[in-house]
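Summary of the model geometry
Each chain, written out:
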Amino acid sequence: AIVVCGPKPATVGYVDPGFALAKAVQTELVRFTEAEGTLPKVLLMENHGPVALGQSAQEVLNIMLMLDKWAKTLLGTYQVAEPKFLAQADTDRIDSRSDEAYRRKQLVQNPLKVS
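A brief look at the structure comes next. Please read all numbers here as calculations on a predicted model, not as lab measurements. (Residues numbered from 1 in each chain as written. Predicted model: local features only at pLDDT ≥ 70, side-chain atom pairs only at ≥ 80, totals over all residues. Heavy atoms only, no water.)

Counting residues in each nonpolar core, the largest one holds ten residues, listed as V3, V4, C5, V42, A52, I63, M66, L67, L107 and L112. Going through the elements one at a time, helix 1 (2-5) and helix 3 (57-80) are the ones with two or more residues in this core. In contact with L112, not counting residues within four places along its chain, are V4, Q58, N62, L65, M66 and L107. Counting nine residues, the second-largest nonpolar core is a separate cluster that includes A10, V12, L21 and F32. (Core = buried A, V, L, I, M, F, W, Y, C linked by side-chain atoms within 4.5 Å. Buried < 20%, exposed > 50% of the residue type's maximum accessible area, 1.4 Å probe, protein only. Helix = DSSP H or I, 4+ residues; strand = E, 2+ residues; numbered from the N terminus. Contact = heavy atoms within 4.5 Å.)

So, in structure tokens, the structure goes:
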């Protein structure tokens, strides 16, 4: 999920559809970019759903496929126990590995295979 969806998503709490939601999204994207130094790959909007941000249609599709897999994994985990998320240091380490950068480049051009 880190390789495909980035180390963390941007989030927007519930805002009614329309101009107010568009402004909330803009505000969050600016805040996220200033804080993280990059645009997010995923924007999660409460009660509206996810938005994938990618450089190509293939990358966007890969992000959405991974989000679907991630959601199914979390749902299954919550049915038996509390999920144990990675510490920020582990997430940062995985995100900065050279082999993961290579995988990320390959995935931008190729379909993600998830089951």
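To continue, consider the sheet that holds strand 2 (residues 42-45). The mixed open sheet is built from three strands, whose spatial order is 1-2-3. Taken across any chain shown, the strands that pair with only one partner, and hence form the sheet edges, are strand 1 (10-12) and strand 3 (49-52). Ignoring strand direction, the axes of neighbouring strands in this sheet form an average angle of 20°. Bridge count between strand 2 and strand 3: four bridges; the pairing is antiparallel. When the bridges of strand 3 are listed, M45 appears paired with G49. Of the strands in this sheet, strand 1 and strand 2 touch helix 2 (residues 19-36), which is tilted by about 150° from strand 1. Across the sheet, helix 3 touches strand 2 and strand 3, and the angle it forms with strand 3 is around 150°. (Pairing = 2+ DSSP bridges. Axes fitted to C-alpha atoms, helices over the stretch in contact; angles between N-to-C directions.)

Inspection of the entire model under this criterion finds nine salt bridges. Among the salt bridges present, the one from R31 reaches E28, with a minimum N-O distance of 2.8 Å. Of the two residues, R31 and E28 both sit in helix 2, three residues apart, roughly one turn of that helix. When the shortest N-O distance is used, the salt bridge between R97 and E100 registers 3.7 Å. Among the ionic contacts, a cluster of salt bridges with common partners joins R97, D99, E100 and R103. (Salt bridge = Lys/Arg side-chain N within 4 Å of Asp/Glu carboxyl O.)

Let us now look at the environment of E100. Structurally, E100 is set in helix 5 (residues 98-109). Along the primary structure E100 and L43 are separated by 57 residues, whereas in three dimensions their C-alpha atoms are 22 Å apart. Contact partners of E100, with chain neighbours within four places excluded, come to V3 and I94.

Here we take up helix 5. Since one α-helical turn is 3.6 residues long, residues separated by three or four positions face the same way. Between its first and last C-alpha, helix 5 extends 18 Å over twelve residues, near the 16 Å set by a 1.5 Å rise per residue. Of all the positions in helix 5, only E100, R104 and L107 are classed as buried. Looking straight down helix 5, one finds that the buried residues subtend no more than 70° of arc, so they occupy a single side. Away from its buried face, by an angle of more than 90 degrees, helix 5 presents the exposed residues S98, Y102, K105 and Q109. Contacts made by the buried residues of helix 5 are with helix 1, helix 3 and helix 4 (88-96). (Expected span 1.5 Å × (residues − 1). Arc of directions from axis to C-beta.)

By themselves these figures say nothing about function.
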